[in-house]
Amino acid sequence: MRKSKILVIALIVCCLGISVTGTLAYFTASEQAHNVITTGNIAIELKETAIGEDGKEHPFQNVENLAPGAEESKIVRVTNTGSNEAWVRLRVETVMDLPSETADPALISFDINTEHWTEKDGFYYYNHILKPGETTEALFTRVAFSKDMGNEYKNSKININVAAYAVQSDNNGLKVLDAAGWPAVG
């Protein structure tokens, strides 16, 4: 009888050992996969051109000796040079080398394209997703200097600074004004 008890106990221990090993193997079985995720990039290029005396578009050059009431060609666009679609916005700032109490940026105006651009919070937002390789419609094509500019503007220097920003459009709002994650303004 003693031998049969030992045999039964030995069989039980073997069965438990096999079931524990099988269960452990079931829970520890694994496979390895090598996944590569490649992200695209958002890159843009600000394009500033002007219509020259020959009637053709050329890179914008500084203009000198303007008189009050003058208008100058200045065409501002953005090209998507990255690999992903993007939302685009621009900031336009007029800076004059006059004392702040004298300088009036309102005396300089632009023919803003309100069909393709929307102004909000000091930025102009392009209303369409910009695909790789595409260029926006011009934000403006002309700069006008008011005829009300007096002698205090004589020999002054006026800078029209344009800064361009872009964020991905994928999963980032259905409209440009819904987009988040714009780069910090600096």
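The coordinates are above.
Since the structure is predicted, the reported quantities are computational estimates derived from the model, not experimental observations. (Residues numbered from 1 in each chain as written. Predicted model: local features only at pLDDT ≥ 70, side-chain atom pairs only at ≥ 80, totals over all residues. Heavy atoms only, no water.)

Participant: Go over the sheet that holds strand 10 (residues 158–168) with me, naming the residues and quoting the values.
Facilitator: Pairing is antiparallel across the open sheet formed by four strands, whose spatial order is 7-8-5-10. The open sheet terminates on both sides in strands that have one partner only, identified here as strand 7 (117–120) and strand 10. Strand-to-strand twist in this sheet, taken as the mean axis angle between neighbours without regard to direction, amounts to 25°. (Pairing = 2+ DSSP bridges. Helix = DSSP H or I, 4+ residues; strand = E, 2+ residues; numbered from the N terminus. Axes fitted to C-alpha atoms, helices over the stretch in contact; angles between N-to-C directions.)

Participant: Lay out the nonpolar core with the relevant residues and their values.
Facilitator: Val-88, Leu-90, Val-92, Ile-108, Trp-117 and Leu-139 are the most contacted members of the largest nonpolar core, which totals 23 residues. At the level of elements, strand 4 (75–80), strand 5 (86–96), strand 8 (123–126), strand 9 (142–145) and strand 10 are the ones that each hand at least two residues to this core. At five residues, strand 5 tops the list of elements feeding residues into this core. (Core = buried A, V, L, I, M, F, W, Y, C linked by side-chain atoms within 4.5 Å. Buried < 20%, exposed > 50% of the residue type's maximum accessible area, 1.4 Å probe, protein only.)

Participant: Outline the sheet that holds strand 2 (residues 57–59), listing residues and values.
Facilitator: Pairing within the open sheet is antiparallel, and its three strands lie in the order 2-1-4. This sheet does not close on itself; its edge strands, each paired only once, are strand 2 and strand 4. The average undirected angle you get between the axes of adjacent strands in this sheet is 45°. Pairing between strand 1 (residues 44–51) and strand 2: three bridges, direction antiparallel. Counterpart to Ile-51 in the pairing with strand 2 is Glu-57.

Participant: So, the environment of Val-167: which residues are in play, and what are the values?
Facilitator: Checked against the element boundaries, Val-167 lands in strand 10. Accessibility expressed as a relative area gives 6% for Val-167, which makes it buried. For the pair Val-167 and Gly-181, spaced 14 residues apart in the sequence, the C-alpha separation amounts to 6.6 Å. The contacts of Val-167, once residues within four sequence positions are left out, are Ile-42, Glu-85, Ala-86, Trp-87, Asn-172, Ala-179, Ala-180, Gly-181, Trp-182 and Pro-183. (Contact = heavy atoms within 4.5 Å.)

Participant: Tell me about the side chain of Asn-172, residues and numbers included.
Facilitator: Counting through the fold element by element, Asn-172 comes out in the segment after strand 10. From its side chain, Asn-172 meets the backbone oxygen of Gln-168 in a polar contact 3.0 Å long. Contact partners of Asn-172, with chain neighbours within four places excluded, come to Trp-87, Val-167, Asp-178, Ala-179 and Ala-180. (Polar contact = N/O pair within 3.5 Å; in protein donor to acceptor, adjacent residues only side chain to side chain.)

Participant: Run through the pairing of strand 5, naming residues and quoting values.
Facilitator: Judged by how many residues are buried, strand 5 sits mostly within the fold: eight of 11 residues are covered. Across two bridges, strand 5 lies against strand 8 in antiparallel orientation. If you follow Leu-90 over to strand 8, its bridge partner there is Tyr-124.

Participant: Lay out the packing of aromatic side chains with the relevant residues and their values.
Facilitator: The tally for this structure, following the rule as stated, stands at five aromatic pairs. The interplanar angle of 45° and the centroid separation of 4.7 Å between the aromatic rings of Phe-110 and Phe-140 together place this pair among those described as tilted. Note that Phe-110 is positioned in strand 6 (residues 108–110) and Phe-140 in the loop between strand 8 and strand 9, a separation of 30 residues in sequence. Residue Phe-110 is classed as partly exposed on the basis of its relative accessible area of 22%. Centre to centre, the rings of Tyr-125 and Trp-182 are 5.7 Å apart; their planes meet at 75°, and the pair counts as edge-to-face. (Phe/Tyr/Trp six-rings, centres within 6.5 Å; stacked < 30°, edge-to-face > 60°.)

Participant: Can you explain the pairing of strand 7? Please cite residues and give values.
Facilitator: Residues in a regular strand project their side chains so that they alternate between the two faces of the sheet. Relative to strand 8, strand 7 is paired through four bridges, and the arrangement is antiparallel. Bridged to Thr-118 within strand 8 is Tyr-125. Hairpin connection from strand 7 to strand 8: two residues lie between these consecutive antiparallel strands, with Asp-121 at a positive phi of about 55°.

Participant: Mind laying out the layout of surface pockets, listing which residues take part and the relevant values?
Facilitator: Each pocket or cavity is described by its volume, and for the largest pocket that value is around 750 Å³. Among the secondary structure elements, those contributing two or more residues to the lining of the largest pocket are strand 9 and strand 10. For the lining of the largest pocket, the element with the highest residue contribution is strand 10, accounting for three residues. When its residues are assigned to classes, the lining of the largest pocket shows 11 nonpolar, six polar and five charged. In this structure, the second largest pocket is lined by 13 residues; those nearest its centre are Ala-50, Ile-51, Gly-52, Glu-72 and Ser-73. (1 Å grid on protein atoms, 1.4 Å probe; cavity = no way out; pocket = protein on both sides within 12 Å on 5 of 7 lines; lining within 4 Å. Points joined across faces, edges and corners; volume = space filled by probe spheres on them. Nonpolar A, V, L, I, M, F, W, Y, C, P; charged D, E, K, R; others polar.)

Functional significance is not addressed by these values, which are geometric in nature.
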